[in-house]
Amino acid sequence: MYDSGRTMKGRTIRMTGFVTKDGDTWYVTRLLISCCAADARPDKIEIRGIDARPTDAWVTVTGTWHPKGKLGSM
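Calculation notes
Residues numbered from 1 in each chain as written. Predicted model: local features only at pLDDT ≥ 70, side-chain atom pairs only at ≥ 80, totals over all residues. Heavy atoms only, no water. Helix = DSSP H or I, 4+ residues; strand = E, 2+ residues; numbered from the N terminus. Buried < 20%, exposed > 50% of the residue type's maximum accessible area, 1.4 Å probe, protein only. Core = buried A, V, L, I, M, F, W, Y, C linked by side-chain atoms within 4.5 Å. Contact = heavy atoms within 4.5 Å.

K.L.:
Looking at this structure, how should I read unusual backbone geometry?
P.N.:
Peptide bonds are mostly trans, and most non-glycine residues show a negative phi. Phi angles above zero are rare outside glycine, and D56 is one such case at about 75°. Structurally, the position occupied by D56 is in the loop between β3 (41-47) and β4 (58-64). Overall, the relative accessible area of 53% leaves D56 in the exposed class.

Here it is, written out as structure tokens:
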């Protein structure tokens, strides 16, 4: 999202989190907490190329990051 130097491009990434969906798009999501649960925010990675898993299921995915869209957009 904020990688203007595209340092993640082509790298293998592994992430564990829970499944969230937005229409036909699904994500592995984790909550980022800076201070306490009240400030938690979701960090999501869109998953492509495999069928969606059930919402709220915990999964570990390994894949390659591909930039999409304008930097800073979600």
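Past the structure itself, the notes keep going.
K.L.:
Sorry if this is basic, but what is going on with the nonpolar core here?
P.N.:
Across soluble globular proteins, you tend to see nonpolar side chains buried next to one another. Core analysis: the largest hydrophobic core is formed by seven residues, namely M15, V19, W26, V28, I47, V59 and V61. Elements that contribute at least two residues to this core include exactly β1 (12-22), β2 (25-32) and β4. With sequence-adjacent residues up to four places away left out, M15 is seen in contact with V28, T29, R30, D43, I45, V59, T60 and V61.

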